[in-house]
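Chain by chain, the residues:
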Amino acid sequence: MAGPAPGRRLRLRPLAALALLLALAPGLPAAQAGQAPRPAERGPPVRLFTEEELARYGGEEEDQPIYMAVKGVVFDVTSGKEFYGRGAPYNALTGKDSTRGVAKMSLDPADLTHDTVSQTGLTAEELKSLDDVFTTVYKAKYPIVGYTARRILNEDGSPNLDFKPEDQPHFDIKDEF
């Protein structure tokens, strides 16, 4: 699979890093006077993934971590290799944003997409299921390693003004920069 054009990739990364830095810097917790800041738990650095980059982590290679995205948040599901690894029952969800499939509890290739609006949309029950599974399964069990570029940037590479860092799952910006 061919990666993004070199010019596109160079433009995407600096814009994404700048958007994250500007959006998240005001929300960084400050240490109280006389208190040392609490050390951050170390994990893989949080980063921005294009569709092509995320596809590299679909569980096909033994020495690579296994990533999947739900609601634009990329999780490292390697610890659930028996569910998400090559040949495992939920491997079809990995290496992509599978939000619609998680909401519908579907492994149908047509549902393995980030898109929750087009096609027929999702029912109120499916949206509630998506939020429940996102919170009680993915956020509770798996480390967040990044976000999809689509969540933070528009198709043209400009910042998504609807992205609100305070509504995102927490990560420590020091891990990224």
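Given the structure is predicted, the values throughout are model-derived calculations rather than measurements. (Residues numbered from 1 in each chain as written. Predicted model: local features only at pLDDT ≥ 70, side-chain atom pairs only at ≥ 80, totals over all residues. Heavy atoms only, no water.)

Chemist: What exactly am I supposed to notice about the side chain of Ser129 here?
Modeler: Among the structural elements, Ser129 can be located in helix α5 (residues 124–141). Setting aside anything within four residues of it in sequence, one finds Ser129 in contact with Ala103 and Met105. (Helix = DSSP H or I, 4+ residues; strand = E, 2+ residues; numbered from the N terminus. Contact = heavy atoms within 4.5 Å.)

Chemist: How do you make sense of a nonpolar patch on the surface when you look at a structure like this?
Modeler: Where nonpolar side chains cluster on the molecular surface, the patch consists of Phe83, Tyr90 and Leu107 and spans about 270 Å² of accessible area. Along the chain, Tyr90 turns up in the loop between α3 (81–84) and α4 (99–104). Accessibility expressed as a relative area gives 39% for Tyr90, which makes it partly exposed. (Patch = residues over 30% accessible without salt bridge, like charges linked within 9 Å, V, L, I, M, F, W, Y side chains within 5 Å. Areas by Shrake-Rupley, 256 points an atom, 1.4 Å probe, with all protein chains shown as cover. Salt bridge = Lys/Arg side-chain N within 4 Å of Asp/Glu carboxyl O. Buried < 20%, exposed > 50% of the residue type's maximum accessible area, 1.4 Å probe, protein only.)

Chemist: I tried to follow the environment of Thr78 on my own but got confused; where do I start?
Modeler: As for its placement among the helices and strands, Thr78 is situated in the loop between β3 (73–76) and α3. Once the C-alpha coordinates of Thr78 and Tyr57 are considered, the two residues, 21 residues apart in sequence, prove to be 9.7 Å apart. The contacts of Thr78, once residues within four sequence positions are left out, are Pro65 and Ile66.

Chemist: I'm lost on α5 in this one. Help?
Modeler: Because an α-helix completes one turn every 3.6 residues, residues spaced three or four positions apart along the sequence face the same direction. Look at α5: 25 Å from first C-alpha to last across 18 residues, which is about the 26 Å you get at 1.5 Å a residue. Where α5 bends most, the angle comes to about 35 degrees, and this point is Phe134. Residues of α5 that are buried include every one of Glu126, Ser129, Leu130, Val133, Phe134 and Tyr138, and no others. Buried positions along α5 lie against β2 (67–70), β3, α3 and α4. (Expected span 1.5 Å × (residues − 1). Bend = angle between axes of the 7 residues up to and from the residue.)

Chemist: Explain the nonpolar core here, please?
Modeler: A general feature of soluble globular proteins is that nonpolar side chains tend to end up buried together. If you look at the biggest cluster of nonpolar residues, it comprises 24 residues, and the most contacted ones within it are Met68, Val70, Phe75, Val77, Tyr84, Val102 and Tyr138. When residues of this core are traced back to their parent elements, those giving at least two are β2, β3, α4, α5, β4 (144–148) and α6 (149–152). Counting residues per element, this core draws most heavily on α5, at four residues. Not counting residues up to four positions away in its chain, the partners in contact with Val77 are Ile66, Tyr67, Met68, Tyr84, Thr94, Tyr138 and Tyr142. Phe49, Leu54, Tyr67 and Val145 belong to the second largest nonpolar core, which has seven residues in total. (Core = buried A, V, L, I, M, F, W, Y, C linked by side-chain atoms within 4.5 Å.)

Chemist: I keep staring at the packing of aromatic side chains and nothing clicks. Help me out?
Modeler: Within a pair of aromatic rings, the relevant descriptors are the distance that separates the centres and the angle that separates the planes. Under the defined criterion, the tally for this structure stands at eight aromatic pairs. Ring plane angle 45 degrees and centroid distance 6.2 Å describe the contact between Tyr84 and Tyr90, whose orientation is recorded as tilted. Here a set of aromatic residues connected by ring pairs shows up, and it is made of Phe75, Tyr84, Tyr90, Phe134, Tyr138 and Tyr142. (Phe/Tyr/Trp six-rings, centres within 6.5 Å; stacked < 30°, edge-to-face > 60°.)

Chemist: Just checking my understanding: could you explain the confidence of the model for the chain for this structure?
Modeler: Confidence in the prediction of the chain, expressed as mean pLDDT, is 74, and 63% of residues score 70 or more. Averaged pLDDT values for the elements of the chain fall to 41 in helix α1 (residues 6–24) and rise to 96 in β2. Low pLDDT (under 50) marks residues 1–33, which in the prediction has 38 contacts with non-local residues, meaning those over four places away or in another chain. (pLDDT = per-residue confidence, 0-100.)

Chemist: Help me understand the sheet that holds β4 in this model?
Modeler: Within a beta sheet, neighbouring strands are joined by backbone hydrogen bonds and run either parallel or antiparallel to one another. Here we have four strands laid out as an open sheet, ordered β1-β4-β3-β2, and mixed in their pairing. Two strands lie at the open edges of the sheet, namely β1 (47–49) and β2, each paired on one side alone. With strand direction ignored, the average angle separating the axes of adjacent strands in the sheet is 35 degrees. Where β1 and β4 come together, three bridges link them in parallel fashion. Counterpart to Phe49 in the pairing with β4 is Thr148. (Pairing = 2+ DSSP bridges. Axes fitted to C-alpha atoms, helices over the stretch in contact; angles between N-to-C directions.)

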